[in-house]
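Structural characterization, general
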Amino acid sequence: MTIPGSVAATHVDFLVLGAGVAGLRAALSLAEQGTVLLVAKDAVAESNTHYAQGGIAVAMDGDADVALHLEDTIAAGDGLVFRPAAEALVQDGPRRVAELIEWGARFDREDGDWMRTREGAHSRARILHAFGDATGAEMGRALRERVRTHRKVRIAERQMAVALHQQDGRVVGADLLDESGQVHSVRAKATLLATGGAGQIYCETTNPAVATGDGLALALQAGAELADMEFYQFHPTALHLAGAPRFLLSEALRGEGAQLVNERGERFMRRHHPLLELAPRDVVARAIVQESVAGDFDRQQEIYLDMRSVPGVAWNERFPTISAVLARYGLSLTKNRIPVYPAAHYLMGGVRTDLAGRTTVPGLYAAGEVAATGVHGANRLASNSLLEGLVFGARAAEAMLADTALLPVAEDGAIFASECSMLAATDADRRFAAESTTRMQQMLWSAAGLFREEATMRRALAELETMAAELRQRCRAGRPWREGLEAMSIAAVGRAVLQCALARRESRGAHARLDHPKKLAENENRHTLFSLARGVHFEQW
Ligand code: SIN
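Our subject in this report is the structure included herewith. As the structure is a prediction and not an experimental result, all values here were calculated from the model. (Residues numbered from 1 in each chain as written. Predicted model: local features only at pLDDT ≥ 70, side-chain atom pairs only at ≥ 80, totals over all residues. Heavy atoms only, no water.)

So, about the sheet that holds strand 10 (residues 170–177). If you trace the four strands from one edge of the open sheet to the other, you get 1-11-10-9, paired in mixed fashion. Among the strands making up the open sheet, the edge pair consists of strand 1 (9–11) and strand 9 (160–167). Strand-to-strand twist across the sheet, computed as the mean angle between neighbouring axes with direction ignored, equals 30 degrees. With seven bridges connecting them, strand 9 and strand 10 associate as antiparallel partners. In the strand pairing of strand 10, A163 is matched with D175. (Pairing = 2+ DSSP bridges. Helix = DSSP H or I, 4+ residues; strand = E, 2+ residues; numbered from the N terminus. Axes fitted to C-alpha atoms, helices over the stretch in contact; angles between N-to-C directions.)

Rendered as C-alpha cells:
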C-alpha cells in the first residue's frame, strides 16, 4: 500500500523500524557507514525488550558450553529448529554479549564472576541477569545510551510505520504516521523491520500495548513470506488477578526453586514431566491449563507459584521489579502464593529471513522477534530472545551494509508532511476498530490459544475475514489512523496464525491440536510458509 499524497520524503541511508534490542543493535553497526533513522512506535524505551525480566542465555565458558547451549536450543524446539540458525545464535552470542558489557551493560556479579540462573529446559545455569529481574531494561538502556552519542543516528519517537514504499519490487522506505495524524515519507537504501512481536492479537498477553504485529502486516503487504506463524509461545506464569494486567512472573523464579501448586497445595508438575517446573515452557503452560480444569471443582481451579518454603533465596532482593509490582496488589513473594496462568508471550514465527536478516523482498530486512530464522523451532528456549535480538540485529546490519555498498548515496532532506495528513476516522469507525480488536483478541485466544481444533479455528477465521473486510473499508487508503491500522495488523497476523495452525495437522512444541494430538515424524523440519500471494505451503529446511 502507498499512501496517496506523500509528496516529499526525507532521505537516509538506513531506516530501522523498532527500537528494541534488535533495532538498537543494528542501528549501531549501520551508523558506522551511513545515516540511520531509528523509529519507535511509542517512547523509545517502550518495547518488549524493556519488559524482558529473567535474563539472557549465553554460553560464556568456551566451546563445550556453546555446544551444550546448542543442544538445549535444538531439543526445546521440538524437531523444528533450523540448526545453522541455532549455531549462529550460540556461537555469535558470547562475543555480542561481551561487546555489550564493554558498552556499559551491567549484568549481576557475585564473588568476581557473573551470576547465572537456570531456567526451563536448560541443562545448566547460564542465564545472565541485570538488577535481578530487569535484564531487558538494562540492555536497552546501555544500547540507547550508545546510540544517542552517535551523530549519524536520529531517533523518531511515537511514529508508526503505516506503509512500505516499493520501487521495481524493492523496498525503498516507508510512510510514518506521527501522533498528530500527519504522515511523513522516508526514503532509504535498506529498511529493517525490528518491530517485535504481536502478543496483542490475544486478550491474555504479557506484551505491551504496542505489540500489535504491525511489522508482520507491513511485510505481508510488501509481498514477503512469513514462516512458522502457528507457533506462539504462551508463558506459563503471568500474574492471574482479576483487573490486573498479565504481568510476567519470570521463569527465573522457578529457576531459583519456586514451585507450581494447585489449590490443594499439590506440586502437580510431578504428574507431567520429570523436570517438574523446569520442563520446556510449552509443557509447563499446558500442564497449568490442564490442572486448572482437573479434579472435582465446579469452577476453574487457581494455580499458584509458591516459594514460601524454598530456603536460601532472598526473593525480594533477587526479584525487585516483580516484588514491587506484586506489592501494588498486596502480594509478597515471601508471604503469599502468587496466582498464575499462561499468557501469550513470544512469536516463534515471523517474517522469513536468511541468517543475515534478508527477507524474501529485496531492500527489506528483519531481525529479532518479528523475524523467523528457524532458530526457535516450535518452542523457544527460555531467555534466548534477548540474545536473538543482539546476534541477528548485528547480522542484519552487516548484510544491509554489504548489499547496499554499491547503491548511490542517499541525499539528506527535510521531512515534509504529506498531503494526506487529515485524520478522517469518524466516531463510528473508531468504535468499530475498538470493538473488533477486542473481539479478535478473544476469538484468537479461544481458537488459536494453548489448545486448538479445526472447527473452532475455521469459525474464527471466517469471522475474522468479515471483520477485516469492514476494517479495510473504514481504513481507506489516504486516511491513516492508528487504532484502525493496529486493528488491521491484528487481523492480518491473526489470519496468518489461524491458516498455518489449520494446515499443521499434528501437535508439536507450542502448537497443540486436540484433533491431531500426535507429533508426526514426517513433519520434522517442515516449516509452514504464508504469503498473500500463495496462502500456506510447507517447506523442508
Ligand atoms: C522470563 O523471564 O521468564 C522471560 C524470559 C523469556 O521470555 O525467555
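After presenting the structure, the write-up continues.
Counting 95 residues, the largest nonpolar core has Y202, L249 and L253 as its most contacted members. Of all the elements, helix 14 (residues 482–503) adds the most residues to this core, at 10 residues. What Y202 contacts, discounting residues up to four positions off in sequence, is Y232, F234, A344, Q441, L444, W445, A448, G449, R452 and V497. L38, A59, V81 and L100 belong to the second largest nonpolar core, which has 56 residues in total. (Core = buried A, V, L, I, M, F, W, Y, C linked by side-chain atoms within 4.5 Å. Buried < 20%, exposed > 50% of the residue type's maximum accessible area, 1.4 Å probe, protein only. Contact = heavy atoms within 4.5 Å.)

This brings us to helix 13 (residues 454–474). Helix length check: helix 13 (21 residues) gives 30 Å between terminal C-alpha atoms against 30 Å at 1.5 Å per residue, within 8%. Residues M457, A460, L461, L464, M467, A468, L471 and R474 constitute the buried set of helix 13. Down the axis, helix 13 shows its buried residues gathered within 140 degrees of arc, on one side only. Along helix 13, exposed side chains directed more than 90 degrees from the buried face belong to R459, T466 and Q473. (Expected span 1.5 Å × (residues − 1). Arc of directions from axis to C-beta.)

In contact at an axis separation of 10 Å, helix 1 (residues 21–30) and helix 5 (residues 135–148) are set at 30 degrees when each is read in the N-to-C sense. Taken together, helix 1 and helix 5 sit at an angle that is classed as roughly parallel. Seen from above, helix 1 lies across helix 5 with left-handed handedness. Across the interface between the two elements, V21, L24, R25 and L28 of helix 1 pack against M139, G140, L143, R144, R146 and V147 of helix 5. Partitioning the contact of helix 1 with helix 5 into residue classes produces six nonpolar, one polar and three charged. (Parallel < 35°, antiparallel > 145°, perpendicular 65-115°, else oblique. Left-handed = near helix turned anticlockwise from the far one by under 90°. Nonpolar A, V, L, I, M, F, W, Y, C, P; charged D, E, K, R; others polar.)

It is worth spelling out the packing of aromatic side chains at this point. The final tally for this structure, using the stated rule, is seven aromatic pairs. Taken together through their ring pairs, the aromatic side chains of Y202, Y232, F234 and W445 make up a single cluster. We note R318 situated over the ring of F319; from NZ or CZ to the ring centre the distance is 4.4 Å. Directly above the ring of Y346 sits R380, whose terminal nitrogen or CZ lies 4.1 Å from the centroid. (Phe/Tyr/Trp six-rings, centres within 6.5 Å; stacked < 30°, edge-to-face > 60°. Lys NZ or Arg CZ within 6 Å of the ring centre and 35° of its normal.)

Attention now goes to the site of the ligand. All residues adjacent to the ligand are G54, H235, L248, S250, E251, R281, H345, R380, A382 and S383. Between the ligand and S250 there is a distance of 2.7 Å, counted from an oxygen atom to a side-chain nitrogen or oxygen. In this structure, S383 approaches the ligand through a main-chain N or O atom, which is 2.6 Å from an oxygen atom. For the ligand, whose unbound accessible area comes to 260 Å², protein coverage reaches 97%. (Near = heavy atom within 4 Å. Polar contact = N/O pair within 3.5 Å; in protein donor to acceptor, adjacent residues only side chain to side chain. Areas by Shrake-Rupley, 256 points an atom, 1.4 Å probe, with all protein chains shown as cover.)

Tallied over the entire structure, the rule returns 45 salt bridges. The closest approach of N and O atoms between D65 and R124, which form a salt bridge, is 3.0 Å. Residue D65 is located in helix 3 (residues 63–76), and its partner R124 is located in the loop between strand 6 (113–114) and strand 7 (127–128); the two are separated by 59 residues in the primary sequence. Via salt bridges that share partners, E230, R504, E506, R508 and E524 belong to a single interconnected network. (Salt bridge = Lys/Arg side-chain N within 4 Å of Asp/Glu carboxyl O.)

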